[in-house]
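Tertiary structure, described
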Amino acid sequence: MRKRPTLSMISEQTGLSTAAVSMILSGKQAHRFSQESVDRVWECAREIGYENRNAKRNIVLIVCPSVINPYYATLLQGIELKAQEAGFCTLICNTYWDLRREKAIVDIVADPRICGTIFAMAPQQPEIAAKIARKLPLVVVADKGTAPKLDTVEVSNFDAGKLMGRHLLSLGHTHIAYLSTSLNRQHSSRLLRLEGLRNVYQGKGVIELLTKDIDSSRELSTVEIEHTTGMQLAHELLETHPEVTAVVAVNDMVGYGVMDGLAQEGKRIPQDYSVAGFDNIYPSQFHGVDLTTVDHYINLRGQCAFQLLKRKLDGASDLAVTHMEFQNKLIVRQTTAAPRPHL
């Protein structure tokens, strides 16, 4: 029979005293030790399956692609607001859409101080999230229907696309373009927004599609990647589809790049081109930006995500999966208007 893992085993394997091992694993005065010693102890504890029942479990792990986009920064602020009010700490893990980083989360949640996990996006590898959810409370903030077996705070990006499509059609735009960063199943919101637009425009107009693939290494190394992509795609659009009168960016950050790209070519917004985005991040309301967009109540969804997690931590029944859906709201500002007259 295998012996139950003990502090003494970790002490023997790391060369540290049992007192030192105990302090590191409990989080008490762990600052007294080098990061190398702390990492060595935690790695050993995970390898032998040691569980510290005396460790204070008050850390919520937040998994998100990146905090450089104000969308995720706003979402995290909502989560942290409610976490702080309830006496919890947060730990943020950025994946940059890297599958290897997402897999590593399984090891991170083995830390006994972590009490629950919130995914700020739909897990790229649902089996990873399901594995974590069997051990700890887990909540996902994602698109409607993308995580059916997990507790989710969600919006319908398909409906968001329809909202924007109806707005542009009502202005008279029958030939538009959808500009996006990587468009694949890993980025469900981007696909769903496009599907919503197509649903509205079917038989009523034309949608041109321009995309640029961004790998995880570029996400990590290029802070302004979405803005840069928007500018590049705007230049490409003018060269290939000059008949387009309105541009829908996959999100507001790409939308800012589109606006700058069009301005570099001497185009006026909205007189020559209407431009719109999604997310309603806070810079979109600034004077000089005034971007038409769709609001998803990002901060409130973050707050609700933690509140849902807290219910699970407090022992709420886990017999049923909870889905909390927020409605979208079209925000019309100064970047959309009737199409330019035909010359």
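Refer to the structure presented above.
Residues numbered from 1 in each chain as written. Predicted model: local features only at pLDDT ≥ 70, side-chain atom pairs only at ≥ 80, totals over all residues. Heavy atoms only, no water.

With respect to the environment of I132
As for its placement among the helices and strands, I132 is situated in helix α7 (residues 126-133). Judged by its relative accessible area of 2%, I132 falls in the buried class. Expressed as a C-alpha distance, the spacing of I132 and H187, which sit 55 residues apart in the sequence, is 21 Å. Dropping the residues within four chain positions of it, I132 is found in contact with I105, V106, V109, T117, F119 and L138. (Helix = DSSP H or I, 4+ residues; strand = E, 2+ residues; numbered from the N terminus. Buried < 20%, exposed > 50% of the residue type's maximum accessible area, 1.4 Å probe, protein only. Contact = heavy atoms within 4.5 Å.)

Thoughts on the environment of K135
If you trace the backbone, K135 turns up in the loop between α7 and β4 (138-143). The exposure class of K135 is exposed, given its relative accessible area of 62%. Residues K135 and I62, spaced 73 residues apart in sequence, show a C-alpha to C-alpha distance of 16 Å.

Details of the sheet that holds strand β11 (residues 323-326)
Reading across the sheet, the six strands line up as β2-β1-β3-β4-β5-β11 and stay open at both edges, with parallel pairing between neighbours. In the strand order of this sheet, the two ends are held by β2 (89-94) and β11, each with one partner. Direction aside, neighbouring strands of the sheet carry axes that sit 20 degrees apart on average. Strand direction decides the pairing type here: strand β5 (residues 151-155) and β11, joined by four bridges, are parallel. If you follow V155 over to β11, its bridge partner there is F326. (Pairing = 2+ DSSP bridges. Axes fitted to C-alpha atoms, helices over the stretch in contact; angles between N-to-C directions.)

Quick look at the packing of aromatic side chains
In the structure shown here, the tally under the stated rule is three aromatic pairs. Pairing Y71 with Y72 gives two aromatic rings, centres 4.8 Å apart and planes at 90 degrees, and the pair type is edge-to-face. Across the pair, exposure class does not vary: Y71 and Y72 are buried alike. Ring centres of F88 and F306 lie 5.6 Å apart, and the angle between their planes is 65 degrees; this geometry places the pair in the edge-to-face category. Highlighted residues: F88 in the loop between α4 (70-85) and β2 and F306 in helix α13 (residues 298-313), separated in sequence by 218 residues. Summarising the burial analysis for this pair, F88 and F306 share the class buried. Lying over the aromatic face of Y273, R340 brings its terminal NZ or CZ to 4.6 Å of the ring centre. (Phe/Tyr/Trp six-rings, centres within 6.5 Å; stacked < 30°, edge-to-face > 60°. Lys NZ or Arg CZ within 6 Å of the ring centre and 35° of its normal.)

So, unusual backbone geometry
That bond from I269 to P270 is cis: its omega, 10 degrees, falls within 30 degrees of zero. Along the chain, the position of P270 falls in the loop between α12 (252-264) and β9 (274-276). Positive phi outside glycine occurs at Y96, with the angle close to 55 degrees. Within the secondary structure, Y96 sits in the loop between β2 and α5 (99-103). Residue classification places Y96 among the buried residues on the basis of a relative accessible area of 16%. One non-glycine residue, D290, lies in the positive phi region at around 45 degrees.

Concerning the packing of helix α8 (residues 157-171) against helix α9 (residues 188-201)
It is the contact of α8 with α9, at a shortest axis distance of 7 Å, that shows an interaxial angle of 40 degrees. With respect to their mutual orientation, α8 and α9 come out oblique. Taken as a pair, α8 and α9 cross one another with a handedness that is right-handed. Residues N157, F158, G161, K162, M164, G165, R166, L168 and L169 of α8 form the contact with α9, whose own contacting residues are S189, L192, R193, E195, G196, L197, N199, V200 and Y201. The class makeup of the residues in the contact of α8 with α9 is eight nonpolar, six polar and four charged. (Parallel < 35°, antiparallel > 145°, perpendicular 65-115°, else oblique. Left-handed = near helix turned anticlockwise from the far one by under 90°. Nonpolar A, V, L, I, M, F, W, Y, C, P; charged D, E, K, R; others polar.)

Overview of the sheet that holds strand β7 (residues 206-212)
Reading across the sheet, the four strands line up as β7-β6-β8-β9 and stay open at both edges, with parallel pairing between neighbours. Looking along the sheet, the strands with just one partner apiece sit at the ends: β7 and β9. Here the strands of the sheet are splayed against their neighbours by 20 degrees on average, with no regard to which way each runs. Bridge analysis of strand β6 (residues 175-181) against strand β8 (residues 246-249) gives four bridges, and the strand direction is parallel. Its bridge partner being in β8, L179 is matched across the sheet by A249. Where helix α11 (residues 225-240) meets the sheet, its contacts fall on β6, β7 and β8, and the angle it forms with β7 comes to roughly 135 degrees.

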